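Here's the letter readout for the chains.
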Amino acid sequence: MSGEMIKGTARARVIRSGEGFRELGLLVFIAILCVAFQLRNHSFLTLANIKDLLDNTAILGILSVGMTLVLITGGIDLSIGATIALAGMTSALTGMVIPAINPLLSILEGMAVGLVIGSVIGLLVARFNILPIIATLGLMNIVRGATYIESGGAWVSSYQMSDGFKALSTGTTLGVNNLVFIALVIFVLFWYFVNHTKTGRRIYAIGSNPEAADISGIPRRRLLWLVYATMGVLAGLAGVLWVSKFASAQGDTALGYELNVIAACVLGGVSISGGSGKASGLILGVILLGMLNNALPLINVSPFWQQFIQGVVILAAVLTNVAVKRNNIRLALRKRAI
Amino acid sequence: MADTILELRDITKTFPGVKALDGVRFELKKGEIHALMGENGAGKSTLIKVVTGVYQPDSGEILLDGKPTAIRGPLDSQRLGIAAVYQHVTCYPDLSVTENIFIGHEKVHPLTRKIDWKELHARAAELLESLDADFAPRALMGGLSVAQQQIVEIAKALSTNARIIIMDEPTAPLTKRESEDLYRIAETLRDRGVSIIFISHRLEDMYRLASRVTVFRDARYVGTWNVSEIGRDDLIVAMVGRAITQLFPKRKVAIGQEVLRVEKLSRTGYFKDVSFSVRRGEILAMTGLVGAGRTEVCEAIYGITKADSGRVFLAGEELRAAHPSEALERGLGYLPEDRLKQGLVLEWAIATNVTLPSLERFSRFGWMNRRREDSKAKELAERLEVKANSVYDLVATLSGGNQQKVIVAKLLTGDMKVIILDEPTKGVDVGAKAAIFEIMNELAEAGYGIVMVSSEMAEVLGMSDRIVVMREGKVSATLDTADATQEKILSAAMAATEKA
């Protein structure tokens, strides 16, 4: 049997490369888009523009990590746009009252707000078995309302923010923009978490087969709480960074942004029905959506068409995903022939 | 051959890389119950799908009433009077019995397209009465037992005026008594001139019911016999291609100290005052009718549900498992009855499935040690002889018996003391059954205490050291297998009122 096992390792690699095909496809698609954009506008592939693109996509990336964890468990979180707004607004208001506050404390404050919201959602989903889409829909409205109540409908504008606060999103760490740096750190942690920790493995298990997970002694409720709390913390972090970046906190900040985040995850091959999603695919999905958001205006595509094209790309990605999956299953079944 | 209703000649069906049917034949007479037997993968299911039009054969001929007929799809087969009742009932739990029976061919008013519910309920009531059913047409499907749901499926077949009914392992989820009811229904149908293809792994089903039996092996036709003319041993040889000398190879094992003791365990509405014990190396069978509370007791011990009162001791220390993880940690493993649903993550590799309940053992401070994980999975896969190319194979690509072995492997990664197996051989073919019994023997020899929940009398008598019989949530008898007989167990399992 050991001989067969060795042969099997080679085959496992084949199966994995079958899955890797999807990421390769995304990469090729991104490359084609790059070439097309470059032909239309020669400033597209300049260092400055790529840096811009990454700066503008970092927040999307941070959020997509949290959303992917939620999606892997078979859930969804519609409340994050509102959480961004509330966390951002809260930290901005605090900054108005105490201008000398350390920006890092502002970040912690935003994350704490997110943690509270995420914990509540986690409790509703894990403890009271409320469907995630319903629980987060409710929280979305509550949190959005709280943002308006807290601010009295007023904005916090650039001149009311300290320079340190605004520098959060403009400063650099190790020569990289802070936003991008934070997003990269989070991506690395995410990659390590889902691939190399037992908790990561268990999160896939509860999304793939909740019953089997229960029987296998996996603390499903605790893990469900964990993913929503994590999503909340990341949304809170993103909220502070968002307000810092746009130098404005408003009641309608990030309205509907959760759908962009979900779109990035889906583009990256994360399954809405739970159980699958990879770090490598996710990062490509985020970059692709970031490109569509940032590059289409650059090549003078009208805003009306931008949305249209985004929708087409998302559907195309999902269709390829289905095709790849079917192909993989067929390959696997063919191998079953003994 | 005038009374032949269905004849298949030289049917071949290939899928990429697999020959699912290789020139098989099959002949069904009018008003006959014809058993179709064979191991898993012998081609029975494929044959059904050919007859019901789900698959088109690559070559061969289907003759219906002596005329060559093409069955192009499920609707086509329904039109031709062919219906199938599957092992896992395919129903709509939130709809009524009537709706389930007539779904797809509801009678509607020609103009308004309105469904005539009054008429349909009346027809459903008629059908149910002809099948001696004890539930109303307006009952919700989801509230019925599996046996009752099967009756609905049969009524559904009759509502389409089916002349040929295929029953695919109908008795697998049923208790002995429910099976008896099903036999009676099948006989009633036969007497009305309906022809039945009966697929089952249970030899007793076949001997009790069928007049002829056809055996497939490895996608090929082996033979057709009159049931009265073929003995049990010959039939097994025909199915597996070799003689299984001993179907229940229970080995004598030195029995050690008590390792699990359950004292007066109760859960309101499910079971009451259940007490028993298991010793090292002992196989304890838990039997009784379905619904007697066996699975519920096991689930409470394992921590899936919580008992209201009573105590459980594992190796002398009290175990109060509030969650399966605690039971696993202490050395109590559980193999669930609904294995595919509860036991495996199908789209995962063998290795990751095997280690799922015991990730602590393969990680340090939360970080996974993949190499250790893979080598342990390999070791167990080899020990249990899982047929696969590697431990990276997806579980979905394995056969049923091998999937079963993977689930067993899940329980062996750690230092288990007691293993509870809930219906370990349900829906498993003869060869895989023998392999599972062999594993149980090995586990017993290795000193595990084993609790085997089973409804199959032969298995209970053949594989255990002691037997606990449950009836209506209580232990009604505890027997030494050496003194036990089928009659003793049955009378303990059935309520006194039913004995007469």
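Residues numbered from 1 in each chain as written. Chains lettered and ligands numbered in written order. Predicted model: local features only at pLDDT ≥ 70, side-chain atom pairs only at ≥ 80, totals over all residues.

Caption draft 1: Representation of the overall build of chain A in the model. A tally of regular secondary structure across chain A gives 13 helices and two strands. Radius of gyration (C-alpha) of chain A: 21 Å, near the 20 Å computed for a compact globule of 338 residues. For the C-alpha atoms alone, the extent of chain A along its principal axes is close to 70 × 55 × 40 Å. Within chain A, the fraction of its 338 residues that count as buried is 45%. Considering only residue pairs separated by 6 or more positions, chain A has 78% of its internal contacts joining residues 24 or more positions apart. (Helix = DSSP H or I, 4+ residues; strand = E, 2+ residues; numbered from the N terminus. Rg over C-alpha atoms; globule rule 2.2 N^0.38 Å. Buried ≥ 20, exposed ≤ 12 C-beta atoms within 10 Å, placed from the backbone. Contact = placed C-beta atoms within 7 Å.)

Caption draft 2: Examining the sheet that holds strand E7 (residues 164–168) of chain B more closely. Residues and elements named next belong to chain B. As summarised here, the arrangement of the six strands in space is E6-E7-E8-E3-E9-E10, forming an open sheet in which the pairing is mixed. A single partner strand is all that each edge strand has here, and the edge strands are strand E6 (82–85) and strand E10 (220–226). For this sheet, the mean angle separating the axes of adjacent strands, direction not counted, is 20°. Pairing of E7 with strand E8 (residues 195–199) involves five bridges; the strand directions are parallel. Counterpart to Ile-166 in the pairing with E8 is Ile-197. Strands in contact with helix H1 (residues 44–51) are strand E3 (33–37), E6, E7, E8 and strand E9 (212–217); relative to E7, the strand with the most contacts, it is inclined by about 150°. Contacts between helix H6 (residues 176–191) and the sheet are confined to E3, E7 and E8, with E8 contributing the most and set at about 150° to the helix. (Pairing = 2+ DSSP bridges. Axes fitted to C-alpha atoms, helices over the stretch in contact; angles between N-to-C directions.)

Caption draft 3: Examining the nonpolar core more closely. Counting residues in hydrophobic clusters, the biggest one holds 249 residues, and the most contacted among them are Ile-62 of chain A together with Ile-165, Ile-350, Ile-450 and Val-451 of chain B. Broken down by element, the residue count for this core peaks at 17 residues, all from helix H10 (residues 220–246) of chain A. (Core = buried A, V, L, I, M, F, W, Y, C linked by C-beta atoms within 7 Å.)

Caption draft 4: View of the domain arrangement of chain A. Residues and elements named next belong to chain A. Domain boundaries assigned for chain A yield domain 1 (40–300) and domain 2 (301–338). Taken together, the contact between domain 1 and domain 2 spans nine residues of the former and nine residues of the latter. Put simply, the parts of the chain that give the side of domain 1 that touches domain 2 at least two residues each are helix H11 (257–267) and helix H12 (279–298). (Domains from an automatic or database assignment.)

Caption draft 5: Expanded view of the environment of Arg-177 of chain B. Residue and element names in this part refer to chain B. Here Arg-177 is to be found in helix H6. The exposure class assigned to Arg-177 is partly exposed, which follows from the 15 C-beta atoms found within 10 Å. Put simply, Arg-177 and Leu-289 are 112 residues apart on the chain and 8.1 Å apart in space, counted from C-alpha to C-alpha.

Caption draft 6: How the structure looks around the domain arrangement of chain B. Here the domain parsing of chain B yields domain 1 (4–240) and domain 2 (258–499). The distance between the C-alpha centroids of domain 1 of chain B and domain 2 of chain B comes to 32 Å.

Caption draft 7: Focus on the sheet that holds strand E14 (residues 309–314) of chain B. Residue and element names in this part refer to chain B. The strand order E12-E11-E14-E15 describes an open sheet built from four strands, whose pairing is antiparallel. At either margin of the open sheet sits one strand with a lone partner, and together these are strand E12 (271–279) and strand E15 (317–318). Pairing of strand E11 (residues 258–267) with E14 involves five bridges; the strand directions are antiparallel. Residue pairing across strands places Val-262 opposite Val-312, the latter belonging to E14. Sitting on the sheet, helix H9 (residues 294–302) is in contact with E11, E12 and E14, with an inclination near 110° to E11.

Caption draft 8: A look at the pairing of E7 of chain B. Residues and elements named next belong to chain B. Among the five residues of E7, four are classified as buried, and the element is accordingly described as predominantly covered. Where E6 lies against E7, four bridges are found, and the strand directions are parallel. In the sheet register, Ile-82 faces E7, and the bridge partner there is Ile-164. Where the polypeptide runs from E7 across H6 and back to E8, its parallel neighbour, the crossover connection is right-handed. (Right-handed = clockwise from strand over helix to strand, strands pointing away.)

Caption draft 9: The arrangement of unusual backbone geometry in detail. Residue Asp-10 of chain B is not a glycine yet carries a positive backbone phi of 50°. Position of Asp-10 of chain B among the secondary structure elements: in strand E1 (residues 4–15).

Caption draft 10: Broad picture of the environment of Leu-75 of chain B. All names here are of chain B. Within the secondary structure, Leu-75 is located in helix H2 (residues 74–79). Classification of Leu-75 by C-beta neighbours within 10 Å gives exposed; the count is 12. Taking the C-alpha atoms as reference, Leu-75 lies 49 Å from Glu-373; in sequence the two are 298 residues apart.

Caption draft 11: View of the packing of H11 of chain A against H12 of chain A. All names here are of chain A. Their axes nearest at 7 Å, the elements H11 and H12 cross at an angle of 125°. As far as their axial angle goes, H12 and H11 are oblique. Seen from above, H11 lies across H12 with right-handed handedness. Facing Asn-260, Ala-263, Ala-264, Cys-265 and Leu-267 of H11, the residues of H12 in contact are Leu-282, Gly-285, Val-286, Leu-288 and Leu-289. Looking at side-chain class alone, the contact of H11 with H12 contains eight nonpolar, two polar and no charged residues. (Parallel < 35°, antiparallel > 145°, perpendicular 65-115°, else oblique. Left-handed = near helix turned anticlockwise from the far one by under 90°. Nonpolar A, V, L, I, M, F, W, Y, C, P; charged D, E, K, R; others polar.)

Caption draft 12: A look at the packing of helix H4 (residues 103–127) of chain A against helix H5 (residues 132–151) of chain A. Residue and element names in this part refer to chain A. Between H4 and H5, the least distance of the axes is 9 Å, while the angle of their chain directions is 150°. Between H4 and H5, the angle falls in the class roughly antiparallel. Once H4 is placed against H5, the crossing between them reads as right-handed. Only Pro-132, Ala-135, Thr-136, Leu-139 and Val-143 of H5 make contact with H4, whose side of the interface consists of Ile-117, Val-120, Ile-121, Leu-124 and Val-125. Of the residues belonging to the contact of H4 with H5, the class tally is nine nonpolar, one polar and no charged.

Caption draft 13: Focus on the confidence of the model for chain A. Of all residues in chain A, 91% have pLDDT values of 70 or greater, and the mean over the chain is 86. Across residues 1–18 of chain A the pLDDT falls below 50, and counting only partners more than four positions away or on other chains, this stretch makes 18 contacts in the model. (pLDDT = per-residue confidence, 0-100.)

Caption draft 14: Structural detail: the environment of Ala-162 of chain B. Residue and element names in this part refer to chain B. With respect to the helices and strands, the residue Ala-162 is situated in the loop between helix H5 (146–159) and E7. Judged by C-beta crowding, with 23 C-beta atoms within 10 Å, Ala-162 ranks as buried. Sequence separation of Ala-162 and Glu-106 is 56 residues, and the distance between their C-alpha atoms is 16 Å. Among all residues touching Ala-162, those that are not within four sequence positions of it are Gly-81, Ile-82, Ala-83, Ala-157 and Val-194.

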